[in-house]
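Examination of the molecular architecture
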Amino acid sequence: MNKAFKSILIIGMGTALLSSCVLGRPEKEVAPVRSITVSGSGSISVKPDMVSMKFIVRNTGWNCPQVAERNAINTTNTINAIKEAGIPESDISTFDYSISQDNSHSYAGEYTVRNTIAVIIRNIELTGKVIDAAVKNNTGANGITSFEYLVSDKATALREARTLAIKNAQDAASLLAGASGCKVNGVLEIREDYTSASRGNDMMFKAVSMEAGSTPTPIVEGNVTITSNVTVKYELTN
């Protein structure tokens, strides 16, 4: 065996030995991230500046075309009355329309035609007037399925509610971490959801025929509460 071959063999064996040492060396363990997850909530109550309402125009009878025609007339009368009360056509829309037949008996029952009109009232002071216009003297509407206060500038209120929710979560995390001998180091994850609720939401009214000059429908303004709920995961340190 010549010297050159011996040198190559020795180098190869050295490399193999070094590789085996490297492969056999245990990896450095990574310390797990210590964390704490808390919840926070913030609510802002604001005065509404709009109202959303849905009026029902419903007619029932044995002759489907006649019932549909009567419903169309009543719907047109209702929409015209709402316009005359000060609501622009752009804030009036058809929310739902249906024709159904009563099949609860052994024979074919009456037909019911139902038209739901959605109305946005941007001046709350007109609310009572709009209700009266839609139902007065049998205009055509015979029910209200929803009544909800709205806020046009919801973004500002939601921003304030979110700020309160995060502060609430931070206070909770700092308190818990401090009690356990740790400190809050930073945010690892945030999840959020928000709700908007008004006192008049999902109310049901039955319309009644009213004579001209009768007492106007009183509407007492409620508040809209916007709530932000957050779940925050913080990293802990010594």
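This text goes with the structure placed above it.
Here the structure is a predicted model, which is why all the values come from computation and not from measurement. (Residues numbered from 1 in each chain as written. Predicted model: local features only at pLDDT ≥ 70, side-chain atom pairs only at ≥ 80, totals over all residues. Heavy atoms only, no water.)

Bringing the pattern of salt bridges into the picture now. Any two side chains of opposite charge can pair, on the condition that their charged atoms come close. Overall, the coordinates contain five salt bridges when judged by the stated rule. When the shortest N-O distance is used, the salt bridge between aspartate 91 and arginine 122 registers 3.0 Å. Of this pair, aspartate 91 sits in the loop between helix H2 (64-84) and strand S3 (92-101) while arginine 122 sits in the loop between strand S4 (111-121) and helix H3 (127-135), and the two are 31 residues apart along the sequence. By relative accessible area, aspartate 91 is classed as buried at 10%. Classification of arginine 122 by relative accessible area gives exposed; the value is 52%. (Salt bridge = Lys/Arg side-chain N within 4 Å of Asp/Glu carboxyl O. Helix = DSSP H or I, 4+ residues; strand = E, 2+ residues; numbered from the N terminus. Buried < 20%, exposed > 50% of the residue type's maximum accessible area, 1.4 Å probe, protein only.)

Here we come to the nonpolar core. Side chains that are nonpolar tend, in soluble globular proteins, to be buried together. Membership of the largest hydrophobic core comes to 30 residues, with the highest contact counts inside it found for Met53, Phe55 and Ile82. Only strand S1 (35-46), strand S2 (50-61), H2, S4, H3, strand S5 (143-150), helix H4 (154-179) and strand S7 (224-237) provide two or more residues apiece to this core. With five residues, H3 is the single largest residue contributor to this core. The contact partners of isoleucine 82, leaving out residues within four places of it in the chain, are Phe55, Ile87, Ile92, Val119, Val130 and Ala134. Counting 11 residues, the second-largest nonpolar core is a separate cluster that includes Ile36, Ala173, Ala177 and Val232. (Core = buried A, V, L, I, M, F, W, Y, C linked by side-chain atoms within 4.5 Å. Contact = heavy atoms within 4.5 Å.)

Time to look at the sheet that holds S5. An order of S3-S4-S2-S5 is seen for the four strands of this open sheet, with the pairing classed as antiparallel. Lying at the two open borders of the sheet, with one neighbouring strand each, are S3 and S5. Going across the sheet, the axis of each strand differs from the next one's by a mean of 10°, ignoring polarity. Where S2 meets S4, 11 bridges bridge the pair, whose relative direction is antiparallel. Within the sheet, the bridge partner assigned to arginine 58 lies in S4 and is arginine 114. Its contacts with the sheet put H2 on S2, S3 and S4, and the angle it makes with S2 is roughly 155°. (Pairing = 2+ DSSP bridges. Axes fitted to C-alpha atoms, helices over the stretch in contact; angles between N-to-C directions.)

Attention shifts here to the pairing of S2. When you tally the buried positions in S2, you get 10 out of 12 residues, the bulk of the element. Where S2 meets S5, seven bridges bridge the pair, whose relative direction is antiparallel. Paired with phenylalanine 55 across the two strands is isoleucine 144, which belongs to S5.

A few words now on the side chain of threonine 116. Its location among the elements puts threonine 116 in strand S4. Here threonine 116 is in contact with Lys54, Phe55, Ser93, Thr94, Phe95 and Asp96, once residues within four sequence places are set aside.

This part is about the sheet that holds S7. The sheet built from three strands is open, its strands ordered S1-S7-S6 with antiparallel pairing. The open sheet is flanked by S1 and strand S6 (183-198), the only strands paired with a single partner. Taking the axes of each pair of neighbouring strands and ignoring which way they run, one obtains an average angle of 15° across the sheet. Along the sheet face, H4 touches S1, S6 and S7 and points at about 145° away from the line of S1.

Moving on: the packing of aromatic side chains. The tally for this structure, following the rule as stated, stands at one aromatic pair. Judged by centre distance (5.4 Å) and plane angle (90°), the rings of phenylalanine 147 and tyrosine 149 are edge-to-face. A single burial state applies to phenylalanine 147 and to tyrosine 149, both of which are buried. (Phe/Tyr/Trp six-rings, centres within 6.5 Å; stacked < 30°, edge-to-face > 60°.)

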